[in-house]
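A closer look at the structure
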Amino acid sequence: MPDFRATANAALASRWAKPLVFTAALVPLVWTVWLAYTGELGAEPVLESVKASGLWALRFLLIALALTPLRMLTGVAGLARFRRMLGLFAFFYACVHLSTYIGLDQFFDWPAIWKDIVKRPYITVGMGAFLILTALAATSTDGMVKRLGGKNWRALHKGVFIAGLAGCLHFIMLVKGWQTAPLVYALICIGLLAFRRWPIRLGRQKARTGPVRTRPAAARRSGEAQEPHFRDGSSPARRS
């Protein structure tokens, strides 16, 4: 039976993997445009377009955040290849979301748009999330990693979790009353944030219980060499 990880990594490393993912990521946009063209978006097609693009922006952001935990849980390292692409698609759909709102819903009425941003808290939160995603997208290239330095770049890109939480809050505040879907998205985002911290603690625990070379007193006196032991007394050979 072929090894699952080897098969998955080989498929993800294929020259066709990224084009397929790229094409699949465009399907929601094409489908929404088709529904609008055929009049299947309901009585308020512009509003439905704004909602659909915003929801897909949040979905792609959570998918991008989920790739690292999935890679750690499954051992499929090839998943990391798509993290940047999916994160940029989250920004792309956020741009579609904002552009549809500005152009088709508000008809570029900038005073009215500014009033909406100031007076409606959910729009204020959404704009905050969009600004964070803009900064992350602008610094996503390899050249920007070199300019900022690895440490600064990683610190900046931790803001993706703030963007995710802000996007979920934007969704919760947008809907009327307590609905299940926005809360599910929020719980997923919180879970991914918690998982980001959990492996660090796990790694520290392993470091504390790692192999330690100890020798009994009699062995130290006689100079006899002993194999390394863990703190609980067991040897690596017995644990392997």
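See above for the structure.
Description of the structure in this document. A quick note: this is a predicted structure, and the numbers were derived from the prediction, not measured. (Residues numbered from 1 in each chain as written. Predicted model: local features only at pLDDT ≥ 70, side-chain atom pairs only at ≥ 80, totals over all residues. Heavy atoms only, no water.)

**Some words on the overall build of the protein**
- The helix and strand tally for the protein stands at twelve helices and zero strands.
- Of the regular secondary structure in the protein, the N- to C-terminal order runs α-α-α-α-α-α-α-α-α-α-α-α.
- In the protein, buried positions account for 32% of the 240 residues.
- Contacts in the protein between residues far apart in sequence, at least 24 positions, make up 59% of those at least 6 positions apart.
- When the accessible surface of the protein is split by element, carbon and sulfur atoms take 66% of a total near 15,600 Å². (Helix = DSSP H or I, 4+ residues; strand = E, 2+ residues; numbered from the N terminus. Buried < 20%, exposed > 50% of the residue type's maximum accessible area, 1.4 Å probe, protein only. Contact = heavy atoms within 4.5 Å. Areas by Shrake-Rupley, 256 points an atom, 1.4 Å probe, with all protein chains shown as cover.)

**Observations regarding the nonpolar core**
- Formed by 44 residues in total, the largest nonpolar core has its most connected members in Phe-60, Leu-62 and Tyr-101.
- Within the residue set of this core, elements represented by two or more residues are helix 1 (4–12), helix 2 (17–37), helix 3 (45–74), helix 4 (83–105), helix 5 (110–119), helix 6 (121–138), helix 9 (159–174) and helix 10 (180–208). (Core = buried A, V, L, I, M, F, W, Y, C linked by side-chain atoms within 4.5 Å.)

**Points about a nonpolar patch on the surface**
- Where nonpolar side chains cluster on the molecular surface, the patch consists of Val-27, Trp-31, Trp-34 and Tyr-37 and spans about 550 Å² of accessible area.
- Here Trp-34 lies in helix 2.
- Exposure remark for Trp-34: the relative accessible area of 48% places this residue in the partly exposed category. (Patch = residues over 30% accessible without salt bridge, like charges linked within 9 Å, V, L, I, M, F, W, Y side chains within 5 Å. Salt bridge = Lys/Arg side-chain N within 4 Å of Asp/Glu carboxyl O.)

**Some remarks on the side chain of Thr-32**
- For Thr-32, the position within the fold is in helix 2.
- In this view, Thr-32 contacts Leu-41, Ser-49 and Ala-52; residues no more than four positions away in its chain are not counted.

**Focus: the packing of helix 4 against helix 6**
- Packing of helix 4 against helix 6 brings their axes to within 10 Å, and their N-to-C directions diverge by 135°. Looking at the two axes, helix 4 sits oblique to helix 6. Both helix 4 and helix 6 take part in a crossing whose hand is left-handed. Every residue of helix 6 that contacts helix 4 at Leu-88, Phe-91, Ala-94, Cys-95, Leu-98 and Tyr-101 is listed here: Ile-123, Met-127, Phe-130, Leu-133, Thr-134 and Ala-137.
- Grouping the amino acids of the contact of helix 4 with helix 6 by side-chain chemistry returns eleven nonpolar, one polar and no charged. (Axes fitted to C-alpha atoms, helices over the stretch in contact; angles between N-to-C directions. Parallel < 35°, antiparallel > 145°, perpendicular 65-115°, else oblique. Left-handed = near helix turned anticlockwise from the far one by under 90°. Nonpolar A, V, L, I, M, F, W, Y, C, P; charged D, E, K, R; others polar.)

**Some remarks on the packing of aromatic side chains**
- Inspection of every chain in the model, using the stated rule, returns ten aromatic pairs.
- A centroid spacing of 5.2 Å and a plane angle of 75° characterise the contact between Phe-92 and Tyr-93, whose relative ring orientation is edge-to-face.
- The exposure class assigned to Phe-92 is partly exposed, which follows from its relative accessible area of 31%.
- A relative accessible area of 1% means that Tyr-93 is categorised as buried. (Phe/Tyr/Trp six-rings, centres within 6.5 Å; stacked < 30°, edge-to-face > 60°.)

**Regarding the packing of helix 6 against helix 9**
- For the pair helix 6 and helix 9, the least separation of the axes is 8 Å and the interaxial angle reads 155°. Classified by the interaxial angle, the pair formed by helix 6 and helix 9 is roughly antiparallel. When the axes of helix 6 and helix 9 are compared, the crossing they make is left-handed. Each of Pro-121, Tyr-122, Ile-123, Val-125, Gly-126, Ala-129, Ile-132, Leu-133 and Leu-136 in helix 6 lies in contact with helix 9, whose residues at this interface are Gly-159, Val-160, Ile-162, Ala-163, Ala-166, Gly-167, Leu-169, His-170, Met-173 and Leu-174.
- In terms of residue class, the contact of helix 6 with helix 9 is made up of 15 nonpolar, four polar and no charged.

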